[in-house]
Each structure stands twice: as structure tokens, then as C-alpha cells.
Amino acid sequence: MSKQVNPSALFLGSCLALITTGLTFSIRAGILPQLGESFNLSAEQLGFINSMWFLGFPISMILGGIFYYKIGPANIMRFAFVSHTLGILLTIFASGYTTLLISTLFIGLGNGCTEAACNPLIADLYSGKKMDKMLNRFHMWFPGGIVLGSLISLGLTEMGASWQTQMWVIMIPTIMYAIIFYGKAFPQPKQQSATSLSNNVKAMFSPTFIFLFCCMALTAISEFGPQQWVGIIMANSGASPMLVLALVTGVMAVGRFFAGPVVKALGQTGVLLGGAIFATIGVYLFSIATGGLVYVAALLFAIGVCYFWPTMIATTAQRVPLSGAIGMSVIGGVGMFSTSIFQPIIGRWIDQSKAAVQQSGAVVENLDLAVGQATLAKLALFPGVLIIIFLFFYFWQKRTYKPVHDEETGNNDLQVETT
């Protein structure tokens, strides 16, 4: 007799796995200055270490999407557990730059497996508006994990704890999600046609998917660029970098928990457009703000990027359903891949700006603050471009898709292509 699927347990395990991802993001961001001092690393080298987190993510995410229906989410999550454990331990016992690159790559691989397994898993557990809501609630735990990690990192750093001690904390949710997933039954895909790789690939050549693919590269760097470098860029702004990160991700977590009414009111395209507007304002304010105004900028930035990631995944699942698990994985993968590419570039911007000011001989009261703000001004270009792109997407989808009744919730949604 086959086991019954337990949606609550599967959702809880998925959330704990994403908390692990969030902790790897924020604790690593918090210990970045300590790593630089301990191993005598430049900002560009730290950027390459950061990039391994974002590079491992799309590799395992896309491979997990391709083989999702062959090996199943349970096996993908087993690999996630092994990768997370190896990455954490190799970081703790790192001997230098190369070891940190390898360990961070393993952590990224584990994080990518989590997304590859859990996004289609939740899409198969729920449907319609409830899928939108539950995907947002699942993704709530990435910023939720970042909040926890930021406060833990801040507290342990204030107590004088080593960065190795902070990394040990990440093992707690890692072990917990492994225990919860152990022996559980997983759901069958809602659309059997989505299990065909040829159908998936064909769907990914549709105009809507290609458009979303390009947009995801910009939404991801808009979200992760400022956050991953907050410890260095905002260190001399007069605000606590880890409190800024905790505020941003705290607002994101709350916003994603209440995503249902927001998506219902604005629709997926309206949410994306509004997010781009708020994100642009927030990053621009980061580039000029000091003191208390930094927290205002953080609030606006958080509102802007809050729904980017889950809404892009949900939009793919709903508007290009035949792309299947691999479609969602490719969309998430390109977001992380683009962020990986830009990590050393952001580090180079910081190094070059600092060198340029020093060579010019100009007297700058706070060199690190000036360099950080100049870097943020460049990062504001990404969400700024998204305003134009999502404005186009909003009107394009109004003409291309017609409303379809969602029997489960009684709501109408845009999902069936008419042209």
C-alpha cells in the first residue's frame, strides 16, 4: 500500500530547507569582513567567493529540473543535504582562498537543489491562487532565514564569537529538514505532459518564457546585489549593516506571507511593475543616504524586491505550464547565474573606486562610504531598466492572455494564451 502524501510535512520540510539557504546567505554576508581579514583577501577575491554561492545554485537547480521527474524530489533533497553539510564543514575548516571557493560552491549546489525540488513540489501540491500564495509563503523563508542569520551573526560577532562558530549554526535547520523529508511520499505532477522533456524544451522557446528568462537576470541582481555586499558597502553609513539586512529581509518575509491579497489585487504583472519602481527608489536612496535615512531606504528597497523571486517563479508555472519543473529551475537558475557573474564585478567596482580616489589625491572625509555609495548608484540601474520592461510586460499580457476561472478559489486569473 502506497503512502499518503502529507502536504503540511512536505511544506514544512521545504521551508526549513529554504531557511538553511537564507542562513548561508546572511551569515556568510556577516562574516565576509572577517574572512577578508583572516585570509588577507581583496574585495574582488571576496566577490569571487560570493560568486561560487550563486554559481553552484544554477548548476544544481537546472540539473535538478532536468532530472526532477526521473529521480524525484526526495533524491534531489538528499543531495542537497550532502552538499550543504560538505559546504558548511569545508568552510569551517578552510585553509585559504581555494578552500573557501570550493566550500561556497558546495553550499550553492545545496541551495540550488532546494529550489529545484521544492518549487515544482509546491506547484504540484497546490493550484491556482493558492499556488501563488503558498509559493510566496515558501519563499518567505529565504528572507526569514536571512533575518535569523543576520541577527545571529550580529549577536555572535558582538559577543566575540568566531566566524567558524557562526557557520556551525547553519547545521541546525540542515539536519531538521533531512529528518522531516525522510521516508515521506511525494505528489505526482499535475500535468503529465509537463513530464516530457521535449514538451518542456518546446515551451521554453515561447516568447513569454524567453521574456521571463531575460527579466529574471535583472530581478535577481537587483535583489541580491545590494544585500550580499551590505556588510562592506554600508559599514560606514552610520547604520548597522546587519540591522539593515535584517530590516530588508524581515519586511520581505512579512510581505511574502501576505502575498495572496497583493497578487489578487494587482495581478502578477502589476506586482512585478510596482516592485521595480520601489526597488529603484530604494537603491537610489541607499546611494545618497546616511544615518537613519538608510533604514528608510531599506524599507522601500524591501517592498520593491519582496515579490520578485516568487512571482517570477509563479508566473512561469502559470503562464508557461508545459515548461514543467525544468522551466521553473531554468528561470531560478538564470537569476542566480547572473548574480554570480556580477559578484566579482561589484567587488572590482569597489576596489577600482577606492584606488581612483586614492590616486587622485582628493581629500575624502569617509572614503569607504563614498566608494560604497558610488557602487550602489551603479546598482540602481538594474531595477530602473526593469520599470520599462515590466511596463511593457503589463500591457503585453493584458492583450495576450484572457481570464480563466479558478474553480478552487472562485477567482479569475490570466493564464490561457489567446494568440
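Quick notes on the rules
Residues numbered from 1 in each chain as written. Predicted model: local features only at pLDDT ≥ 70, side-chain atom pairs only at ≥ 80, totals over all residues. Heavy atoms only, no water. UniProt positions renumbered as here; feature names shortened; annotations may be inferred. Helix = DSSP H or I, 4+ residues; strand = E, 2+ residues; numbered from the N terminus. Contact = heavy atoms within 4.5 Å. Expected span 1.5 Å × (residues − 1). Buried < 20%, exposed > 50% of the residue type's maximum accessible area, 1.4 Å probe, protein only. Salt bridge = Lys/Arg side-chain N within 4 Å of Asp/Glu carboxyl O. Patch = residues over 30% accessible without salt bridge, like charges linked within 9 Å, V, L, I, M, F, W, Y side chains within 5 Å. Areas by Shrake-Rupley, 256 points an atom, 1.4 Å probe, with all protein chains shown as cover. Core = buried A, V, L, I, M, F, W, Y, C linked by side-chain atoms within 4.5 Å. Phe/Tyr/Trp six-rings, centres within 6.5 Å; stacked < 30°, edge-to-face > 60°.

As annotated in an unreviewed UniProt entry, the protein chain carries the name MFS transporter and is attributed to Sphingobacterium daejeonense. Check the Subcellular location (unreviewed entry) section of the UniProt entry for the protein chain; it says "Endomembrane system". Turning to the protein chain, the UniProt annotation filed under Sequence similarities (unreviewed entry) states: "Belongs to the major facilitator superfamily."

Trainee: So what's going on with the side chain of Ser153? Residues and values would help.
Mentor: Structurally, Ser153 is set in helix H5 (residues 141-158). Ignoring any residue separated from it by four or fewer positions in sequence, one finds Ser153 in contact with Ile27, Gly30, Ile31, Gln166 and Met242.

Trainee: Provide a residue-level description of helix H13 (residues 293-305), including the pertinent values.
Mentor: Between its first and last C-alpha, H13 extends 19 Å over 13 residues, near the 18 Å set by a 1.5 Å rise per residue. Residues of H13 that are buried: Val294, Ala297, Ala298, Leu300, Phe301, Ala302, Gly304 and Val305.

Trainee: Run through the pattern of salt bridges, naming residues and quoting values.
Mentor: Between side chains of opposite charge, pairing is possible as soon as their charged atoms come close. Using the criterion set out here, one finds two salt bridges in the structure. The closest approach of N and O atoms between Glu44 and Arg348, which form a salt bridge, is 3.3 Å. Taken as a pair, Glu44 in helix H2 (residues 43-92) and Arg348 in helix H15 (residues 324-360) lie far apart in primary sequence, 304 residues in all. Take Glu44: its relative accessible area is 25%, and that puts it in the partly exposed class. Accessibility expressed as a relative area gives 29% for Arg348, which makes it partly exposed. One salt bridge connects Glu223 with Arg256, and the closest N-O pair in it is separated by 3.7 Å. With Glu223 in helix H9 (residues 207-228) and Arg256 in helix H11 (residues 241-257), the pair connects residues that are 33 residues apart, well separated along the chain. A relative accessible area of 1% places Glu223 in the buried class. A relative accessible area of 1% means that Arg256 is categorised as buried.

Trainee: Give me helix H1 (residues 7-39): which residues, what numbers.
Mentor: In a regular helix each residue adds 1.5 Å, so 33 residues correspond to 48 Å; H1 covers 45 Å between its end C-alpha atoms and thus fits that length. The buried fraction of H1 amounts to 26 of the 33 residues, a majority that puts the element mostly inside the structure. Immediately beyond the C-terminal end of H1, within one or two residues, lies Asn40, with a positive phi of roughly 55°.

Trainee: Give a detailed account of a nonpolar patch on the surface, specifying residues and quantitative values.
Mentor: A cluster of nonpolar residues, Ile59, Leu63, Ile66, Phe67, Ile71, Leu197, Val201, Phe205 and Ile210, forms a patch on the protein surface that exposes about 790 Å² of accessible area. For the nonpolar patch, the elements supplying multiple residues, two or more each, are H2 and helix H8 (197-203). With five residues, H2 is the single largest residue contributor to the nonpolar patch.

Trainee: Give me the nonpolar core: which residues, what numbers.
Mentor: In terms of nonpolar packing, the biggest core is built from 124 residues, with Trp53, Met77, Met167, Phe224, Phe286, Phe308 and Phe390 touching the most fellow members. Discounting chain neighbours no more than four positions away, the residues touching Met167 are Ile27, Arg28, Ile31, Ile88, Thr91, Ile92 and Ile107.

Trainee: Describe the packing of aromatic side chains, naming the residues involved and giving the relevant values.
Mentor: The relation between two aromatic rings is expressed through the spacing of the ring centres and the mutual angle of the planes. Applying the stated criterion across every chain, the model contains 24 aromatic pairs. Aromatic pair Phe224 and Trp309: ring centres 5.8 Å apart, planes at 65°, arrangement edge-to-face. Separated by 85 residues along the polypeptide, Phe224 in helix H9 and Trp309 in helix H14 (residues 308-319) bring together distant segments of the chain. Taking relative accessible area as the criterion, Phe224 reaches 1% and is therefore assigned buried. Measuring from centroid to centroid gives 5.2 Å for Tyr394 and Phe395, while their planes differ by 90°, and the two rings are edge-to-face.

Trainee: Would you mind going over unusual backbone geometry in detail, with residue names and values included?
Mentor: Positive phi values are uncommon outside glycine, yet Asn40 reaches one of about 55°. Turning to its location among the elements, Asn40 is positioned in the loop between H1 and H2.

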